[in-house]
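Observations on chain architecture
Next come the chains, spelled out residue by residue.
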Amino acid sequence: MKADGRTGGRAVGVVAMVLLSASPSVRLSAQDSTRIAEAQSVLAPLVETYGVSRAEGPVREAVKRLLPAWVKSETDTAGNLWVRVGQGDPVVVFIAHLDEIGFRVTGIRDDGTLELETRGGFISSLFEAQPALVHTDKGIIAGVFSPRDSGFTRHTPPPLRVDVGAGSRAGAMARGVSPGSTVTMPKQYVRLTGTRATGRSFDDRVGCTAQLLALRRLDRAALKHQVIFIWSVREEIGLEGAAAAAASLSTTPRRVHAIDTFVSADSPLELPNFAVAPIGRGAVARALDNSSVTPPAYVDSLVQVARARGIALQVGTTNGGNDGSEFTPYGVVDVAIGWPLRYSHSPVEVIDLKDVVSLADVIQAAAETW
Amino acid sequence: LLSISTLRRTGGRADARTAKAGLVACVLLSALPPVRLSAQGDVDHLAVRFASMTAVTGLEQAMVDSLRALFPGSTRDRAGNVTLTLGQGAPKRLLTCPLDEVGYVVGNILPDGFLLLRRVGGGGGGRMASPLLDQQLEGHRVTVFGTKSAVPGVVAVKSTHLTRGRVAPGAPDPVFTVDNAYVDVGATSAAEVQGLGIALLAPVSLAKRPQLYGERLLAAPAAGRRAACAALAAAVRSKPKVRGTVVVAFTVQSLYASNAGLASMKALLGPFDDIKTAALPVRYLDTAVETVALADADRLVREIVQWMEGR
């Protein structure tokens, strides 16, 4: 989910978070265990694939490998991956983004260290003094994000640089590093206790996963209209892929469902004013964020769709922007759906796999019955 | 050879002992002739292996056990040091390597399953740690060493999205301290935490993921100490012809209680005619990417062997 600094100062803390107490809680059963295992089998390889904004190719290819065999996909000129299912109006779009936050090399110093610019919004200190990976045409080059050498009383470090141990500009270039290379930190999908897991770039690989899981279970014969699944590019740097997709579809779709993170305040460090959707209690209707407001009637409809199938769904408001907001200028209603995430845009985002299953079920239900 | 001019101090007070050891090592190593060692290839493997281990000062038992398995015939003294005696007769010399690191223990378990921490080492009674040492916990993976297993966890961090727009421009920007470190192992209750074998005083460290980069550069927390211990281990495994008696000691509690491990070593097995401590120059000291050149570790192996052989 895009960290939207444009409207982040708005006082949006007054909107209540409503938990659907009538919805069944998501409990592990024998069937759920199978579902959770399947969710993990899709999510883990996606999380461990790298794809900074503008360099989503490896993630797109990973998604294509995980599509059901019957699916025919296409990639548009922006880099978005499309899958169209069913026929007829009103067209409904689901969109999750492929890209992740990171860095891009802007220059190489005489000493061989790399100057960087950020791709997306995050807390820079989380990368300081950490292992680094530089993604070059020749492959991945290991290095480290250099620790600061002054300013020890501040949380925020000076602009970060990467040391690949080259010692000189020529040495770095000989390793294949060049301006434009993207830079990340090594990441790993790790299971925590119970059904929880940690990793980096759950935002929005969980959304990508949920769309894949929904497609796998989709009853194509039940579709009353065309459903388009899009895995978009460049969300973190300004919803650029979604903008291209929205322009190409124009006024054709009736609804768009951005499938993206619900940044949760379910953490001892967060204020409880809003966004208090606990992890493990199901997907979340993202009724209000910094980029879109879902009409209340549509929120109610989504709740009914979930309730009819006994799917756990929370309703809430959080911060950030979403891809669906690029469709609203064309008269398309954005009914964003997320799942609760702790510690967004950090190396240790935390999810509950039960929420991934819940999200996939909501997508499937919305595609088949709404 | 890594020159002193390239060493970078990255935080806190300068570590005079380490810097001096590095300087001495550099000077000595540059003058040493090559030594043929069958176990020299061990260094890279051992350095990465040791850098993957955790030995919170005063709570080094797991690494001590690993070292004892590596050296049949070694013993663990009452302080916890691993010792191995080579050769016999005079002179009687001591060859040491501190194996501990600044770390944390579980200080409290909250009803909702989060853990709070207490730092061990790095703040009095030993070398002062960098002011940014604790900040490296924030938003990173840790390992909690429970009685049943090593349990993965993460240290909570504020979500970027929920922070933006809620911090006034020019607001104070204090460093993260351990008092704000909430460890999330995925549990939802204190009972669930206890079910994992986690109790008060369980050791906690950053998840160890050593990174090799450049020309045999090794980055990891406490990489310099671990690579120096690896050099010592490789030297011993090369079976040098020891002159007199050499007591090899991997010492504990060097960062706490006035270097209690080494002090007890001297008290229990001394006096010694000479004492040598294995050390290597490092870059990015006290950070999660403390970096050591394994080429320097090669040279240290040769230096140690020559010292043991009395050449």
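Above this text you will find the structure in question.
The notes below deal with the structure included here.

About the thresholds
- Residues numbered from 1 in each chain as written.
- Chains lettered and ligands numbered in written order.
- Predicted model: local features only at pLDDT ≥ 70, side-chain atom pairs only at ≥ 80, totals over all residues.
- Heavy atoms only, no water.
- 1 Å grid on protein atoms, 1.4 Å probe; cavity = no way out; pocket = protein on both sides within 12 Å on 5 of 7 lines; lining within 4 Å.
- Points joined across faces, edges and corners; volume = space filled by probe spheres on them.
- Nonpolar A, V, L, I, M, F, W, Y, C, P; charged D, E, K, R; others polar.
- Phe/Tyr/Trp six-rings, centres within 6.5 Å; stacked < 30°, edge-to-face > 60°.
- Helix = DSSP H or I, 4+ residues; strand = E, 2+ residues; numbered from the N terminus.
- Buried < 20%, exposed > 50% of the residue type's maximum accessible area, 1.4 Å probe, protein only.
- Pairing = 2+ DSSP bridges.
- Axes fitted to C-alpha atoms, helices over the stretch in contact; angles between N-to-C directions.
- Salt bridge = Lys/Arg side-chain N within 4 Å of Asp/Glu carboxyl O.
- Contact = heavy atoms within 4.5 Å.
- Buried area = accessible area lost by both parts, 1.4 Å probe.
- Polar contact = N/O pair within 3.5 Å; in protein donor to acceptor, adjacent residues only side chain to side chain.
- Parallel < 35°, antiparallel > 145°, perpendicular 65-115°, else oblique.
- Left-handed = near helix turned anticlockwise from the far one by under 90°.
- Arc of directions from axis to C-beta.

Glancing now at empty space enclosed by the protein. Applying the stated rule across the entire model yields four cavities of 30 Å³ or more. What lines the largest cavity is a set of 17 residues, and nearest its centre among them are A:Glu128, A:Ala129, B:Leu132, B:Gln136 and B:Thr287. A breakdown of the residues in the lining of the largest cavity according to their chemical character gives six nonpolar, eight polar and three charged. Approximately 130 Å³ is the volume found for the second largest cavity. As for the second largest cavity, its lining consists of 13 residues, of which A:Gln130, A:Pro131, B:Ala207, B:Arg209 and B:Ala288 are closest to the centre.

Aromatic ring pairs are defined here through the distance separating the ring centres and the angle between the ring planes. Residue and element names in this part refer to chain B. Evaluated as defined, the whole model comprises eleven aromatic pairs over all chains. A ring pair is formed by phenylalanine 71 and phenylalanine 250, whose centres lie 5.8 Å apart and whose planes are at 25°; its orientation type is stacked. Placement of the pair is phenylalanine 71 in the loop between helix H3 (61-70) and strand S1 (75-76) and phenylalanine 250 in strand S12 (residues 245-251), with a sequence separation of 179 residues. Residues phenylalanine 71 and phenylalanine 250 agree in their burial class; the two are buried.

The subject of this paragraph is the pairing of strand S2 (residues 82-87) of chain B. Residue and element names in this part refer to chain B. Two strands pair when backbone bridges link them, and S1 and S2 are joined in this way by two bridges, in the antiparallel orientation. By the bridge assignment for S2, arginine 76 is matched with valine 82. With six bridges joining them, S2 and S12 adopt antiparallel strand pairing. Bridge assignment links leucine 84 to a residue of S12, and that residue is valine 248.

What follows is about the sheet that holds strand S14 (residues 291-293) of chain B. Residues and elements named next belong to chain B. Spatial strand order, S10-S11-S14: three strands in an open sheet with antiparallel pairing. The sheet terminates laterally at strand S10 (211-213) and S14, the two strands that pair on one side only. Across the sheet, the mean angle separating the axes of adjacent strands is 25° when strand polarity is ignored. Two strands pair when backbone bridges link them, and strand S11 (residues 217-219) and S14 are joined in this way by three bridges, in the antiparallel orientation.

Here the structure, examined in full by the defined rule, presents 32 salt bridges over all chains. A salt bridge links A:Glu100 to A:Arg205; the nearest nitrogen and oxygen atoms lie 2.7 Å apart. Of the two residues, A:Glu100 sits in the loop between strand S4 (91-97) and strand S5 (102-108) while A:Arg205 sits in helix H4 (residues 202-217), which places them 105 residues apart along the sequence. In this structure, B:Glu101 and B:Arg226 form a salt bridge, with 2.6 Å as the shortest nitrogen-oxygen distance. Of this pair, B:Glu101 sits in the loop between strand S3 (92-98) and strand S4 (103-109) while B:Arg226 sits in helix H6 (residues 223-237), and the two are 125 residues apart along the sequence. Salt bridges here are not isolated pairs; linked through shared partners, they connect A:Glu100, A:Lys187, A:Arg200 and A:Arg205.

As a further point, take the interface of chain A and chain B. Each partner contributes to the interface: chain A provides 67 residues, whereas chain B provides 53 residues. Here chain A and chain B share an interface that buries about 4,800 Å² over both sides, 58% of which is from carbon and sulfur atoms. Scanning the region where chain A abuts chain B turns up four salt bridges. Here B:Arg283 ties to A:Asp163 by a salt bridge, and the two come within 3.1 Å at their closest N and O atoms. Linking chain A with chain B are 21 residue pairs in polar contact (both at pLDDT 80 or more), by the criterion used here. Of all the elements in the fold, those that place two or more residues in the side of chain A that touches chain B are strand S7 (131-136), strand S8 (139-145), strand S11 (190-191) and strand S12 (196-199) of chain A.

Attention now moves to the sheet that holds S12(A). Residues and elements named next belong to chain A. In spatial order, the strands read S11-S12-S21; together these three strands make up an open sheet with antiparallel pairing. If you trace the sheet from one side to the other, it starts and ends with S11 and strand S21 (349-352), each paired once. In this sheet, S12 lies alongside S11 in antiparallel orientation, the contact comprising two bridges. Its bridge partner being in S12, arginine 191 is matched across the sheet by alanine 197. Where H4 meets the sheet, it contacts S12 and S21, and its direction lies at approximately 30° from that of S21. Along the sheet, helix H7 (residues 353-369) contacts S11 and S21; its crossing angle with S21, the most-contacted strand, is approximately 65°.

Turning our attention to the packing of H4(A) against H7(A). Residues and elements named next belong to chain A. Interhelical geometry of H4 versus H7 gives an angle of 55° and a closest axis separation of 8 Å. Classified by the interaxial angle, the pair formed by H4 and H7 is oblique. H7 is crossed by H4, and the crossing has right-handed handedness. Touching Val206, Thr209, Ala210, Gln211, Leu213, Ala214 and Arg217 of H4 are Val356, Leu359, Ala360, Ile363, Gln364 and Glu368, all from H7. Residue composition of the contact of H4 with H7, by class: eight nonpolar, three polar and two charged.

Let us look at helix H2 (residues 57-66) of chain A. Turning to H2(A), its buried residues are A:Val59, A:Arg60, A:Ala62, A:Val63 and A:Leu66. Buried residues of H2(A) fall within an arc of 160° about the axis and therefore sit on the same side.

As a further point, take the side chain of B:Thr54. Residue and element names in this part refer to chain B. Relative to the assigned elements, threonine 54 resides in the loop between helix H2 (42-51) and H3. A relative accessible area of 13% means that threonine 54 is categorised as buried. Polar contacts involving the side chain of threonine 54 include one to the side chain of serine 205, which spans 3.0 Å. Polar contacts involving the side chain of threonine 54 include one to the side chain of lysine 208, which spans 3.2 Å.

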